[in-house]
Amino acid sequence: MIIANPIYDVVFKYLLEDVEIARELLSTILGEEVQSVEVKPQETSTETSGDIRILRFDFKAVIKKQNGEISKVLIELQKAKKAFDVMRFRRYLGDNYRKEDDVLNDKGDLEKRPLPIITIYFLGFPLNSIQSGVVKINREYRDVVTQEILDIKEDFVELLTHDSYLIQVRKLAKAARNKLERVLHIFSPIYQSTKDKHQLDFQGDINDPLVKKMVDRLGRAIASEEIRDLMDVEDELDRIFDREMKKKDEIIAEKDQLLIEEKKRAEVEKKRAEVEKKRAEDEIQKNLELQRQIEELKKQIKP
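This is a predicted model, so every value here is computed, not measured.

Quick look at the nonpolar core
- Ranked by size, the top nonpolar core spans 49 residues in total, and within it Leu16, Phe59, Ile75, Leu77, Ile120, Phe122 and Phe187 carry the most contacts.
- For this core, the leading source of residues is helix α6 (residues 209-222), giving seven residues.
- With sequence-adjacent residues up to four places away left out, phenylalanine 187 is seen in contact with Pro6, Phe12, Leu15, Leu25, Phe122, Val169 and Met214.

Let's talk about unusual backbone geometry
- Although it is not a glycine, glutamine 147 adopts a positive phi angle of roughly 65 degrees.
- Inspection of the secondary structure assignment puts glutamine 147 in the loop between β10 (141-142) and β11 (149-150).
- According to the relative accessible area criterion, glutamine 147 is partly exposed, its value standing at 44%.

Quick notes on the layout of surface pockets
- Taken as a whole, the second largest pocket holds about 330 Å³ of empty space.
- Forming the walls of the second largest pocket are 17 residues, and the residues nearest its centre are Ile7, Lys81, Arg170, Gln192 and Asp238.
- It is helix α7 (residues 225-301) that provides the largest number of residues to the lining of the second largest pocket, a total of three residues.
- Along the lines of polarity and charge, the residues of the lining of the second largest pocket split into six nonpolar, four polar and seven charged.

Considering the packing of helix α1 (residues 9-16) against α7
- One way to put it is that α1 packs onto α7 with a least axis distance of 8 Å and a crossing angle of 140 degrees. Overall, the two elements α1 and α7 adopt an arrangement that is oblique. Contacts between α1 and α7 pair Asp9, Val10, Val11 and Tyr14 from the former with Ile227, Leu230, Met231 and Glu234 from the latter.
- Along the lines of polarity and charge, the residues of the contact of α1 with α7 split into six nonpolar, no polar and two charged.

Quick notes on α6
- The first and last C-alpha atoms of α6 sit 20 Å apart over 14 residues, in line with the 20 Å expected at 1.5 Å per residue.
- For α6, the complete set of buried residues consists of Leu210, Val211, Met214, Val215, Arg217, Leu218, Ala221 and Ile222.
- Summarising the contacts, the buried residues of α6 are in contact with β1 (2-4), α1, α2 (19-30), α5 (179-184), β13 (199-201) and α7.
- The backbone nitrogen of leucine 210 has a side-chain oxygen 2.9 Å away, supplied by the residue at the start of α6, namely aspartate 208.

Quick look at the side chain of glutamine 168
- Here glutamine 168 is to be found in strand β12 (residues 163-168).
- Residue class for glutamine 168 comes out buried when judged on its relative accessible area of 1%.
- Among the polar contacts made by the side chain of glutamine 168, one reaches the main-chain carbonyl oxygen of serine 132 at a distance of 3.0 Å.
- Not counting chain neighbours up to four residues away, the residues in contact with glutamine 168 comprise Leu123, Phe125, Pro126, Leu127, Ile130, Ser132 and Gly133.

Thoughts on the pattern of salt bridges
- Counting across every chain of the model gives 20 salt bridges.
- Where aspartate 205 meets arginine 182, a salt bridge forms, and the shortest distance between an N and an O atom there is 3.9 Å. Placement of the pair is aspartate 205 in the loop between β13 and α6 and arginine 182 in helix α5, with a sequence separation of 23 residues.
- Note on arginine 182: relative accessible area 28%, which makes it partly exposed.
- For arginine 228, the salt bridge goes to aspartate 196, with nearest N and O atoms at 2.8 Å. Residue arginine 228 is found in helix α7, and its partner aspartate 196 is found in the loop between α5 and β13; the two are separated by 32 residues along the sequence.
- Overall, the relative accessible area of 18% leaves aspartate 196 in the buried class.
- One network of salt bridges, in which partners are shared, links Lys179, Arg182, Asp205 and Asp208.

Reading guide: rules and limits
Residues numbered from 1 in each chain as written. Predicted model: local features only at pLDDT ≥ 70, side-chain atom pairs only at ≥ 80, totals over all residues. Heavy atoms only, no water. Core = buried A, V, L, I, M, F, W, Y, C linked by side-chain atoms within 4.5 Å. Buried < 20%, exposed > 50% of the residue type's maximum accessible area, 1.4 Å probe, protein only. Helix = DSSP H or I, 4+ residues; strand = E, 2+ residues; numbered from the N terminus. Contact = heavy atoms within 4.5 Å. 1 Å grid on protein atoms, 1.4 Å probe; cavity = no way out; pocket = protein on both sides within 12 Å on 5 of 7 lines; lining within 4 Å. Points joined across faces, edges and corners; volume = space filled by probe spheres on them. Nonpolar A, V, L, I, M, F, W, Y, C, P; charged D, E, K, R; others polar. Axes fitted to C-alpha atoms, helices over the stretch in contact; angles between N-to-C directions. Parallel < 35°, antiparallel > 145°, perpendicular 65-115°, else oblique. Expected span 1.5 Å × (residues − 1). Polar contact = N/O pair within 3.5 Å; in protein donor to acceptor, adjacent residues only side chain to side chain. Salt bridge = Lys/Arg side-chain N within 4 Å of Asp/Glu carboxyl O.

This is the structure:
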């Protein structure tokens with residue numbers, strides 16, 4: 001089935017603007033039931049700079065945990081197609097740590113409190129040291145002395161730390177092994193059309209209800225002239241990015257070469273100076289020896 005390629009920011013954004021798809025996708029990634037989700041338009045932004053483009057979503061979600069506990073959290077989802085600037089990810093995260101929301105306290109009254117944060121990173125590039133397609137980095141409470149894992153949760157800790165999920169679309173398994181991989185296969189580049197990189201010839205399991213919803217929506221996306229035009233714009237931005245990065249690499253390589261040549265010249269000058277110094281020292285020694293010999297001759301011919 002031909003669908004729009006969701007690696008494009010405009011398509012990815014279009015896909016997640018369907019709140020039900022967003023809710024079910026987040027539930028599948030987290031492995032917990034997301035009962036409701038809210039996306040504020042002003043919280044969605046695409047940033048372009050000389051080194052990276054990041055698509056960012058902030059979801060306020062109500063989650064039912066596996067133990068039945070209900071909690072309100074902030075889910076920060078960021079997507080980057082190219083190698084990223086870690087400081088920009090940290091800045092976005094810092095922005096969210098400062099945010100507060102209405103939360104019911106123990107007395108049933110609303111009060112302003114920060115929300116626990118969960119981060120999800122969709123990466124269109126591989127991380128060298130992580131071979132798994134999907135990785136969860138989670139927290140545990142451990143007694144450092146006894147090494148016992150403590151089955152507790154503390155608000156103070158929960159609000160100062162967070163769980164993270166890394167999704168490397170280029171390292172997703174070719175054969176889906178569970179529901180998560182079946183769903184994430186829709187982002188896999190293995191289905192990219194050889195004729196048009198805007199398209200995927202998706203061959204995944206559309207019997208999964210969520211996959212079917214995503215495929216249907218991405219099918220509508222590829223039929224949209226406006227979305228295809230925006231994909232062309234992204235391609236042009238990528239070409240500009242690659243061209244500027246190539247220029248940057250060439251400038252760095254040229255500077256490195258100049259430094260190497262300068263270092264070689266400095267080494268040659270140093271060796272030349274050492275040779276001159278040695279020659280001068282030899283001349284001094286010769287002159288001193290000649291002077292000594294002259295003094296000896298003077299003593300021998302002295303009447």
